[in-house]
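Spelled out, the chains give:
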Amino acid sequence: AFGVSAVEVVTASLLEDTYNWGQHKIGITIGVIFLTCVPVRVLHKMLGDKMSVVSWIRIFAVIAIAGCLLLDSPACSVLNKVCGLDCAGALVVAGTVLFPAFYMGEALAVGIMHQHVLPSGSWFDGNHSQLWYNLAQGLGRFLGPWISRWAIAASGQDFFALQQMMVTCLFLVIFECTVQPFLRSTSPSAAGKEIVAASPVSSSFESGTR
């Protein structure tokens, strides 16, 4: 949630303030970037049983890190030489990589959480776990835009890219150290599809696309 809200706000802000895009064009672009989650979701539905859930989360985390690298100014220079894209185009490409990676990684992680809740009455039963998740997600969505705009104002886009990479790496480290060792099963199966389907992130996303 922190990463999604941060990238959304910073992308819109930079396109308007730095690259002089109009608000209408920015709104359409952000909407199209969000819609890239649809083919990624379809692809995961088709291939979800080929790898374990843990492997999928690692893949999406690596993709997110690659998207963070695209936010750097050197990536802008490389894309300009290779594809003829300007820095605004590089920013849009970075968002196109980051949004579905963040969404799918979060959906899978939350699905795992719901598969490992404690018995009813515990502080981490189904209801309480969902409450803690909602609070954490709300806090992330609240702080993401503020901290990201501060990063841009203080040290520029490269510092923001570093910030997002650190947040993504922190997620991966926490997952590997505190979640992955205690999973009941990580075998490749339809469980990957079931986890995403059970996730509130995926459910709310699919409801919005209908």
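Some details on helix α5 (residues 73-83)
Turning to step 1, where the next piece is worked out: The set of residues buried in α5 consists of A75, C76 and L79. Along the axis of α5, the buried residues cluster in a sector spanning 105 degrees; they form a single face. Exposed side of α5, more than 90 degrees from the buried face: P74 and K81 are the residues found there.
Turning to step 2, where the next piece is worked out: Just downstream of α5 lies G84, where phi reads positive at about 75 degrees.

Observations concerning a nonpolar patch on the surface
Turning to step 1, where the next piece is worked out: Together, L139, F142, L143, W146, I147, W150, F159, L162 and M166 line one region of the surface with nonpolar side chains, adding up to about 930 Å² of accessible area.
Turning to step 2, where the next piece is worked out: Elements supplying a minimum of two residues to the nonpolar patch: α7 (126-155) and α8 (157-179).
Turning to step 3, where the next piece is worked out: In terms of residue count, α7 provides more of the nonpolar patch than any other element does, six residues in total.
Turning to step 4, where the next piece is worked out: With respect to the secondary-structure elements, F142 resides in helix α7.

A few points about unusual backbone geometry
Trans is the common state for peptide bonds, and a negative phi is the common state for residues other than glycine.
Turning to step 1, where the next piece is worked out: Phi is positive for N20, close to 60 degrees, though the residue is something other than glycine.
Turning to step 2, where the next piece is worked out: Position of N20 among the secondary structure elements: in the loop between α1 (2-17) and α2 (23-35).
Turning to step 3, where the next piece is worked out: Residue class for N20 comes out exposed when judged on its relative accessible area of 65%.

Considering the nonpolar core
Side chains of a nonpolar character, in soluble globular proteins, are inclined to be buried together.
Turning to step 1, where the next piece is worked out: If you look at the biggest cluster of nonpolar residues, it comprises 28 residues, and the most contacted ones within it are L15, L71, L98, F99 and F160.
Turning to step 2, where the next piece is worked out: Mapped by element, the contributors of at least two residues to this core are α1, α2, α4 (53-70), α6 (87-115) and α8.
Turning to step 3, where the next piece is worked out: A total of nine residues in this core trace back to one element, the largest contributor, which is α6.
Turning to step 4, where the next piece is worked out: Filtering out sequence-adjacent residues up to four positions away, F99 remains in contact with V4, V7, E8, I33, F34 and C37.

Looking at the state of the cysteines
Turning to step 1, where the next piece is worked out: This model, assessed by the stated rule, comprises one disulfide.
Turning to step 2, where the next piece is worked out: Put simply, C76 and C87 are joined by a disulfide, and their sulfur atoms are 1.9 Å apart. Where C76 bonds to C87 through sulfur, the torsion about that S-S bond is close to -85 degrees, and the disulfide is left-handed. Here C87 lies in helix α6 and C76 lies in helix α5, a separation of eleven residues in the sequence.
Turning to step 3, where the next piece is worked out: A relative accessible area of 31% places C87 in the partly exposed class.
Turning to step 4, where the next piece is worked out: No disulfide involves C68; its sulfur sits 7.8 Å from the nearest other cysteine sulfur, which is in C169.
Turning to step 5, where the next piece is worked out: Since its relative accessible area comes to 0%, C68 is described here as buried.

Side note on the pattern of salt bridges
Turning to step 1, where the next piece is worked out: Counted according to the given criterion, the structure contains one salt bridge.
Turning to step 2, where the next piece is worked out: Linking E176 and R58 is a salt bridge whose minimum nitrogen-to-oxygen distance equals 2.5 Å. Of this pair, E176 sits in helix α8 while R58 sits in helix α4, and the two are 118 residues apart along the sequence.

Quick notes on the environment of Y19
Turning to step 1, where the next piece is worked out: Note that Y19 resides in the loop between α1 and α2.
Turning to step 2, where the next piece is worked out: Linking Y19 and A88, residues 69 residues apart in sequence, is a C-alpha distance of 6.4 Å.
Turning to step 3, where the next piece is worked out: If sequence neighbours within four positions are ignored, Y19 has contacts with L14, C87, A88, L91 and Q157.

Details of the confidence of the model for the chain
Turning to step 1, where the next piece is worked out: For the chain, per-residue confidence averages 85 on the pLDDT scale, and 87% of positions sit at 70 or higher.
Turning to step 2, where the next piece is worked out: The element-level mean pLDDT for the chain is lowest in helix α9 (residues 191-198), coming to 49, with α4 highest at 93.
Turning to step 3, where the next piece is worked out: Between residues 186-194, whose pLDDT stays under 50, and residues either more than four places distant or in other chains, the model counts 20 contacts.

Thoughts on the environment of H44
Turning to step 1, where the next piece is worked out: Tracing the backbone through its elements, the reader meets H44 in helix α3 (residues 37-47).
Turning to step 2, where the next piece is worked out: Between the C-alpha atoms of H44 and M104, which are 60 residues apart in sequence, the distance is 8.9 Å.

Each value, and the rule that gives it
Residues numbered from 1 in each chain as written. Predicted model: local features only at pLDDT ≥ 70, side-chain atom pairs only at ≥ 80, totals over all residues. Heavy atoms only, no water. Buried < 20%, exposed > 50% of the residue type's maximum accessible area, 1.4 Å probe, protein only. Helix = DSSP H or I, 4+ residues; strand = E, 2+ residues; numbered from the N terminus. Arc of directions from axis to C-beta. Patch = residues over 30% accessible without salt bridge, like charges linked within 9 Å, V, L, I, M, F, W, Y side chains within 5 Å. Areas by Shrake-Rupley, 256 points an atom, 1.4 Å probe, with all protein chains shown as cover. Salt bridge = Lys/Arg side-chain N within 4 Å of Asp/Glu carboxyl O. Core = buried A, V, L, I, M, F, W, Y, C linked by side-chain atoms within 4.5 Å. Contact = heavy atoms within 4.5 Å. Disulfide = S-S within 2.5 Å. pLDDT = per-residue confidence, 0-100.

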